[in-house]
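Observations on chain architecture
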Amino acid sequence: MSILENLSEAVQKGRAKDVLTLIEEGLAEGLSAQRLLDEGLLKGMSLLGVRFKNNEVFVPEVLIAARALNKGSEALKAQLIADGVEAKGKAVIGTVKGDLHDIGKNLVKMMLEGAGFDVVDLGVDVPDEKFVAAIQEQTPDVLLLSALLTTTMGQLGAVIDAIKAAGLREQVKIMVGGAPITHGFATEIGADGYSPDAASAAELATSLLVAA
Ligand code: B1M
């Protein structure tokens, strides 16, 4: 098996130590950090996701795999983030109330940092009031909201409504994302933008700054 296949396998089995060793080997062999991320770590989680859906693996296995993936993406961070980029703006990011998924959010955060943003991460299961308070306290240029469940995607609109009710909507650009979200949904709830993946999220955040 190739290093990328082994990496995918190690994520699926939740073997964090093997993940780190394979990343080292991959980088030493000249594989790019992006390929190790996309074709190794994320491929592994995507394959595990199918088995999760089919009830072949359960929450504990997925959690252990998520931990291995997060360790791996942390190890790749230095390679993914360009050196010496000056902060071009400030962003606040979080996963909405009721939702504990953070792998995608963490990748978006990493790409934003790579694009030169100073990022404040509110974590997961973030109540609407906490997003409102963060806008008041941190005065970010962009707020990024993540939701991974069809049962929590409605929460994205609730956060935007809470921000409007607090009179803060004009102060910040709002982007939404996560597997069940579409461009149409983002427009419907009054977001300024939607991105399907981490790389385009960083590009969109940058273009929203220019447009502001
Ligand atoms: Co959950 N889970 N999960 N889960 N989980 C999904 C999402 C699911 C699709 C699995 C399935 O059934 N096939 C399903 C949702 C179904 C639905 O809503 N229609 C599901 C379910 C049902 C559940 C539970 C309800 C299961 C249960 O308890 N019975 C439960 C809910 C818990 C809760 O949140 N309250 C649950 C729990 C969990 C774990 C805790 C075990 C674990 C999360 C661990 C963690 O995040 N630390 C977990 C995981 C890992 C998954 C899968 C397998 C993988 C998700 C992931 O991390 N993908 C997922 C199945 C799948 O996606 N194949 C599944 C990799 C990640 C890089 O992709 O998060 O999509 P993603 O992020 C992308 C883009 O979406 C985008 O960029 C990212 C990078 O490119 N993006 C943004 C994300 N946020 C963005 C924000 C932006 C922009 C772009 O800002 C603007």
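None of these values were measured; they are calculated from a predicted model.

**Side note on helix α6 (residues 128-138)**
Buried residues of α6: D128, F131, V132, A134 and I135, and no others. Take α6 and look down its axis: the buried residues cluster within an arc of 160 degrees, on one side only. Structural note: α6 exposes E129 and E137 on the side pointing more than 90 degrees away from its buried face. Buried residues along α6 sit against β1 (89-95), β3 (142-146) and α7 (154-165).

**Digging into the layout of surface pockets**
A volume near 1300 Å³ is recorded for the largest pocket. As for the largest pocket, its lining consists of 44 residues, and the residues nearest its centre are H101, D102, I103, G104 and L148. When residues of the lining of the largest pocket are traced back to their parent elements, those giving at least two are α3 (33-53), α4 (59-80), α5 (103-114), β3, β4 (173-177) and α9 (198-211). When residues of the lining of the largest pocket are assigned to their parent elements, the largest contribution, 10 residues, is made by α3. When residues of the lining of the largest pocket are assigned to domains, at least three fall in each of domain 1 (3-82) and domain 2 (89-211).

**Here's the deal with the domain arrangement of the protein chain**
In terms of domains, the protein chain is made up of domain 1 (3-82) and domain 2 (89-211). Taking only C-alpha atoms, the centre of domain 1 and the centre of domain 2 are 25 Å apart. Tallying the contact residues gives 12 residues for domain 1 and 7 residues for domain 2. Linking domain 1 with domain 2 are 0 salt bridges. Our count for the contact surface shared by domain 1 and domain 2 stands at 0 residue pairs in polar contact (both at pLDDT 80 or more).

**A look at the nonpolar core**
V19, L41, L76, L112 and L144 are the most contacted members of the largest nonpolar core, which totals 40 residues. The leading source of residues in this core is α4, at 7 residues. With sequence-adjacent residues up to four places away left out, L112 is seen in contact with A91, F117, V119, L144, A201, A202 and A205. With 27 residues, the next largest nonpolar core counts V126, F131, M153 and V172 among its residues.

**What about the site of the ligand?**
Near the ligand lie 33 residues; those nearest to it are L100, H101, D102, S146 and T150. A distance of 2.9 Å separates a nitrogen atom of the ligand from a polar backbone atom of G98. Within the side chain of S146, a nitrogen or oxygen atom sits 2.7 Å from a nitrogen atom of the ligand. For the ligand, the cavity whose grid points lie within 2 Å of the majority of its atoms is the largest pocket. Broken down by secondary-structure element, the contributors of at least two residues to the shell around the ligand are α3, α4, α5, β3, β4 and α9.

Calculation rules
Residues numbered from 1 in each chain as written. Predicted model: local features only at pLDDT ≥ 70, side-chain atom pairs only at ≥ 80, totals over all residues. Heavy atoms only, no water. Buried < 20%, exposed > 50% of the residue type's maximum accessible area, 1.4 Å probe, protein only. Helix = DSSP H or I, 4+ residues; strand = E, 2+ residues; numbered from the N terminus. Arc of directions from axis to C-beta. Contact = heavy atoms within 4.5 Å. 1 Å grid on protein atoms, 1.4 Å probe; cavity = no way out; pocket = protein on both sides within 12 Å on 5 of 7 lines; lining within 4 Å. Points joined across faces, edges and corners; volume = space filled by probe spheres on them. Domains from an automatic or database assignment. Salt bridge = Lys/Arg side-chain N within 4 Å of Asp/Glu carboxyl O. Polar contact = N/O pair within 3.5 Å; in protein donor to acceptor, adjacent residues only side chain to side chain. Core = buried A, V, L, I, M, F, W, Y, C linked by side-chain atoms within 4.5 Å. Near = heavy atom within 4 Å. Sits in = over half its atoms within 2 Å of the grid points.

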